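Below are the chains, spelled out letter by letter.
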Amino acid sequence: MVSSFPGTPEPPFYHPLSLVPSRTTTGTGLFEQVRKMQSSMDEQTMRNSRLIPLLQAMQEECGYLPADRLKVLSEELGVPLSRMYGVATFYTQFRFEPLGRHLVRVCHGTACHVNGAMQIADAMTDCLGTKEGETSKDGEFTVERVACLGCCSLSPVMMVDDRVHGKLDKEKVKEVIGKLMRGELDGQ
Ligand code: FES
């Protein structure tokens, strides 16, 4: 509370809500606008949350989200295609290209980053001519950048299909990729 000297008039008190423009007769006051924005955001969140399982099912079936299937789904749901892409590109789980025969996940979690994840990514580009996020031209390898794979003590780490390769350096990466190309790790 602000004290005032005797004889000094008290400063006028403004209730916080009195500073907000009041409703107009057409109902377009600030409160009304906020309420409308809130309800349209809720609606959109609900639509998005229904969309995600459908996109997951499509990816499960096709291995990725094919453009023609997305277009059909957009028409069936009455959701604009741009919004579907907006949702799908927001989540890293979705991909828009078919996977290669081998999926290589290069870890960029903190421990791997500190211990040379970038060198591993560079070695991969040297071996395959493929950057993270791409599939090699022959369709054999897809390289992805991921966060911690949960085996930090082996950093830097990459996971090829279901198998973890740790304590990597450039030479080891070349060795692993060479074996994969020669089919020596198939079925292991
Ligand atoms: S940070 Fe790479 S496995 Fe944990």
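Residues numbered from 1 in each chain as written. Predicted model: local features only at pLDDT ≥ 70, side-chain atom pairs only at ≥ 80, totals over all residues.

A look at the sheet that holds strand β3 (residues 141-146)
Phase 1 of the analysis: Within the open sheet, the five strands sit side by side as β2-β3-β1-β4-β5. Their pairing is mixed. For this open sheet the edge positions go to β2 (134-135) and β5 (163-165), each flanked by a neighbour on one side alone.
Phase 2 of the analysis: By the bridge criterion, three bridges tie strand β1 (residues 102-107) to strand β4 (residues 158-160) in an arrangement that is antiparallel. Counterpart to valine 104 in the pairing with β4 is valine 160.
Phase 3 of the analysis: Along the sheet, helix α5 (residues 117-128) makes contact with β1, β3 and β4, crossing β1 at roughly 150°. (Pairing = 2+ DSSP bridges. Helix = DSSP H or I, 4+ residues; strand = E, 2+ residues; numbered from the N terminus. Contact = placed C-beta atoms within 7 Å. Axes fitted to C-alpha atoms, helices over the stretch in contact; angles between N-to-C directions.)

Remarks on the environment of threonine 110
Phase 1 of the analysis: Tracing the sequence through the fold places threonine 110 in helix α4 (residues 110-114).
Phase 2 of the analysis: Spatially, the C-alpha atoms of threonine 110 and serine 155 are 9.4 Å apart, while their sequence positions differ by 45 residues.

Quick word on helix α2 (residues 67-77)
Phase 1 of the analysis: Of all the 11 residues making up α2, zero are buried; the element is thus mostly uncovered.
Phase 2 of the analysis: Directly after α2, the chain includes glycine 78, whose backbone phi takes a positive value near 70°. (Buried ≥ 20, exposed ≤ 12 C-beta atoms within 10 Å, placed from the backbone.)

Some details on the pairing of β1
Phase 1 of the analysis: Here β1 runs beside β3; their pairing, made up of six bridges, is parallel. Within β3, the position partnered with leucine 103 by the bridge is threonine 142.

Thoughts on the confidence of the model for the chain
Phase 1 of the analysis: Residue-level pLDDT values for the chain average 83, and 77% of them are 70 or greater.
Phase 2 of the analysis: The lowest-confidence element of the chain is helix α1 (residues 30-62), averaging 76 in pLDDT; the highest-confidence one is α4, averaging 97.
Phase 3 of the analysis: Predicted confidence is poor over residues 21-25, with pLDDT under 50, and the contacts of this stretch with residues over four places away or in other chains come to seven contacts. (pLDDT = per-residue confidence, 0-100.)

Quick look at the environment of arginine 95
Phase 1 of the analysis: Note that arginine 95 resides in the loop between α3 (81-90) and β1.
Phase 2 of the analysis: Among residues more than four places away in sequence, those in contact with arginine 95 are Tyr64 and Leu65.

Quick notes on the pairing of β3
Phase 1 of the analysis: Pairing of β2 with β3, which is carried by two bridges, proceeds in the antiparallel orientation. Its bridge partner lying in β3, threonine 135 is registered against threonine 142.
Phase 2 of the analysis: The antiparallel pairing of β2 with β3 creates a hairpin that spans five residues between the two strands, and glycine 139 there sits at a positive phi of about 75°.

Remarks on the nonpolar core
Phase 1 of the analysis: Counting residues in hydrophobic clusters, the biggest one holds 21 residues, and the most contacted among them are Val106, Cys107, Ile120, Met124, Met158 and Val173.
Phase 2 of the analysis: Among the secondary structure elements, those contributing two or more residues to this core are β1, α5, β3 and α6 (170-181).
Phase 3 of the analysis: The dominant element in this core, judged by the number of residues it contributes, is α5, at seven residues.
Phase 4 of the analysis: Those residues in contact with cysteine 107, other than ones at most four positions away along the chain, are Cys112, Ala117, Val146, Cys148, Leu149, Pro156, Val157 and Met158. (Core = buried A, V, L, I, M, F, W, Y, C linked by C-beta atoms within 7 Å.)

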